[in-house]
Amino acid sequence: MAGIEVTGPMHERFDEVLTPSALALIERLHRELNPRRLELLRRRAERSAAIAAGADLDFLAETKDIREDDSWRVAPPAPGLEDRRVEITGPTDRKMTINALNSGAKVWLADQEDANTPLWENVVQGQLNLSDAIDGTIEFTNPGGKHYALRTDQPLATIVVRPRGWHLPEKHITVDGEPTSGGLVDFALYLATSGQKQLDRGQGPYFYLPKMESHLEARLWNDAFVIGQDALGIPRGTIRATVLIETYPAAFEMEEILYELREHSAGLNAGRWDYMFSVIKTHRTRGTDFVLPDRNSVTMTVPFMRAYTELLVRSCHKRGAHAVGGMAAFIPSKDPEINEAAFAKVRADKEREAGDGFDGSWVAHPGMVEVCRDAFTAVLGDRPNQISRTRDDVHVTAAQLLDVASTPGDVTEAGLRGNISVGIQYLAAWLGGLGAVGINNLMEDAATAEISRSQVWQWLHNGVELADGQRVTRELVERLIDEECTAIGADFSGGHWAEARATFTDLALADHYTDFLTLPAYERMP
Ligand SMILES: CC(=O)SCCNC(=O)CCNC(=O)[C@H](O)C(C)(C)COP(=O)(O)OP(=O)(O)OC[C@H]1O[C@@H](n2cnc3c(N)ncnc32)[C@H](O)[C@@H]1OP(=O)(O)O
Ligand SMILES: O=CC(=O)O
Ligand SMILES: [Mg+2]
């Protein structure tokens, strides 16, 4: 089939998003950029093979001049992005859109990525919700009759949209019969539907860019921005993007990524959960020296995580860019004791980030907005950010970023069970259309679920010994999958639960490691 084709169903109002100009932009982006996207994905695979063969990540020799040239800076903060002391994240369904915008956070990361299942309905309806929110007309009534609308008594959070990563296809929109890029589709639909409206309100089309593995991938986004601005007839530099440093390779290219996007840059964010996933994935076949202990014991203060966040703040402030902290996954609980512990942990996490020089940070839940805001206000006072605090005292080496071996903690049966249970529960939710869920008082999303299933794979394929002396074998993992499914107590005889169990089992046990759990899961979706 020549040209662009929408193969997903056209529900009510979908024509307001899938307009001829939006589709023309997708077609142009696909033709001009998709071959390079595919080539960059091939390069990821080559680098991964080199690391499996013993190569180590390092700062790049060919970009030394960019790192050593002290003269360049990114663009000054755009309207609505000067003060980012607290940012809330979440999916773009109608109720959460209203709740996030009303939450008192400075920024809302409107998520089409880690917190979202890219069901066709979510992809297009999410854009309609954003459009209605920008128009100020969005409303929602829940089945119990509770009515939701935007507040008028305080400023709404600035909207920053996170499109899908470069690896994910969008199968419901094809060009010449090929699936398009999920990320370019999310970007183009938002830009075409809401870009001009954001400019009319005195802000702009702003993005968070996930899961990049190199500065060349940032260059590809920059080229998408130039094409998008040209198509809309809006000035270069109107689009702004904050890049998540959340893959191991990208940690070695922070300044290069800022440089590639400099006229569109709105800084970097420490995407700690995907980072941990990427650390596991990158070294998954390099033996037990590269094995991390139980997920819960890898805190932000272990040496390799500390090196990463220190380098991020230093790199950003050196270039006049915001450094935004990561997600504390604790969410409020109805149990007072658990609740108190959750708030204490989030408070300590945000205080550490503010003290280290971050300009703001993320929360997963409206109940956590205040605690984050207070931690940053204690350091920032009335200043919108602390970009001027350069961290010249920080000197991070490649060896420090790679120092996984000194991470304290054990691999335990409880950790293995937890990973299995969370992985299966999350996949069931994801296949049902929910990309973020609360499990055991923690926010779980695609990034945290990737950690869970990758740890099981790595422990199994490296024959790791648990703290109690058991070895992780196929038989043990199969038995624990059985037991954890019984403990979950859902009906595993069919539907999403059966698919989740099958997908998880395959991801954990197969000899071949799957790069992203969302890829086989997306194939199971209509
Ligand atoms: C690794 C990363 O990438 S982190 C970023 C991606 N992940 C996310 O964005 C996760 C965001 N968080 C969430 O999705 C949710 O907080 C969950 C799913 C974890 C928990 O949500 P719930 O089970 O609804 O929690 P809870 O019942 O305590 O919510 C209370 C209210 O707050 C709302 N709420 C909770 N989290 C959010 C949020 N992030 N944004 C907007 N509203 C929210 C709920 O909708 C609910 O509203 P209501 O009282 O009007 O019905
Ligand atoms: O996207 C954020 C992360 O921690 O992953
Ligand atoms: Mg992430």
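Here is what the cut-offs are and how they apply
- Residues numbered from 1 in each chain as written.
- Chains lettered and ligands numbered in written order.
- Predicted model: local features only at pLDDT ≥ 70, side-chain atom pairs only at ≥ 80, totals over all residues.
- Helix = DSSP H or I, 4+ residues; strand = E, 2+ residues; numbered from the N terminus.
- Rg over C-alpha atoms; globule rule 2.2 N^0.38 Å.
- Buried ≥ 20, exposed ≤ 12 C-beta atoms within 10 Å, placed from the backbone.
- Contact = placed C-beta atoms within 7 Å.
- UniProt positions renumbered as here; feature names shortened; annotations may be inferred.
- pLDDT = per-residue confidence, 0-100.
- Near = placed C-beta within 6 Å.
- Nonpolar A, V, L, I, M, F, W, Y, C, P; charged D, E, K, R; others polar.
- Domains from an automatic or database assignment.
- Core = buried A, V, L, I, M, F, W, Y, C linked by C-beta atoms within 7 Å.
- Pairing = 2+ DSSP bridges.
- Axes fitted to C-alpha atoms, helices over the stretch in contact; angles between N-to-C directions.

Visitor: Give me the lowdown on the overall build of the chain, citing residues and values where you can.
Guide: When helices and strands are tallied, the chain shows 18 helices and 15 strands. In summary, the chain has a C-alpha radius of gyration of 22 Å against a globular reference of 24 Å for 526 residues, a match within 12%. Taking all 526 residues of the chain together, the buried fraction comes to 49%. Of the contacts formed within the chain by residues at least 6 apart in sequence, a portion of 79% connects residues at least 24 apart.

Visitor: Can you tell me about the UniProt feature "domain: Malate synthase C-terminal" (unreviewed entry) in the chain, naming the residues and giving the values?
Guide: The feature "domain: Malate synthase C-terminal" (unreviewed entry), as given by UniProt, occupies residues 411–524 in the numbering adopted here. Measuring from the first to the last C-alpha atom of residues 411–524 gives 32 Å, for a span that is 62% helix and 5% strand.

Visitor: Run through the confidence of the model for the chain, naming residues and quoting values.
Guide: Per-residue pLDDT for the chain averages 97, and the proportion of residues at 70 or more is 100%. What the predictor reports for the complex is a pTM of 0.98 with an ipTM of 0.99.

Visitor: Tell me about the site of ligand 1, and name the residues and values.
Guide: Lining the immediate surroundings of ligand 1 are 24 residues, of which Thr 89, Gly 90, Asn 99, Asp 114 and Ala 436 lie closest. Grouping the amino acids of the shell around ligand 1 by side-chain chemistry returns 15 nonpolar, five polar and four charged. When residues are assigned to domains, the shell around ligand 1 turns out to be shared by domain 1 (4–399) and domain 2 (413–523), each giving three or more.

Visitor: Give a detailed account of the nonpolar core, specifying residues and quantitative values.
Guide: With 141 residues, the main nonpolar core has Trp 108, Val 160, Ala 188, Val 243, Tyr 308, Leu 312 and Leu 427 as its most contacted residues. The element contributing the most residues to this core is helix α14 (residues 413–431), with 10 residues. Looking at which domains feed residues into this core, each of domain 1 (4–399) and domain 2 (413–523) gives three or more. Apart from the residues within four sequence positions on either side, Val 160 is in contact with Val 107, Trp 108, Leu 109, Ala 110, Tyr 206, Phe 207, Tyr 208 and Thr 242.

Visitor: Break down the sheet that holds strand β7 (residues 169–175) for me, with residues and values.
Guide: Pairing in this open sheet of three strands is antiparallel, and the strands run β1-β7-β8 from one edge to the other. A single partner strand is all that each edge strand has here, and the edge strands are β1 (4–6) and β8 (178–181). Neighbouring strand axes in the sheet, compared pairwise and without regard to direction, differ in orientation by 55° on average. Taken together, the three bridges between β1 and β7 define a ladder with antiparallel strand orientation. Residue Ile 4 lies in a different strand from β7, and its bridge partner there is Val 175.

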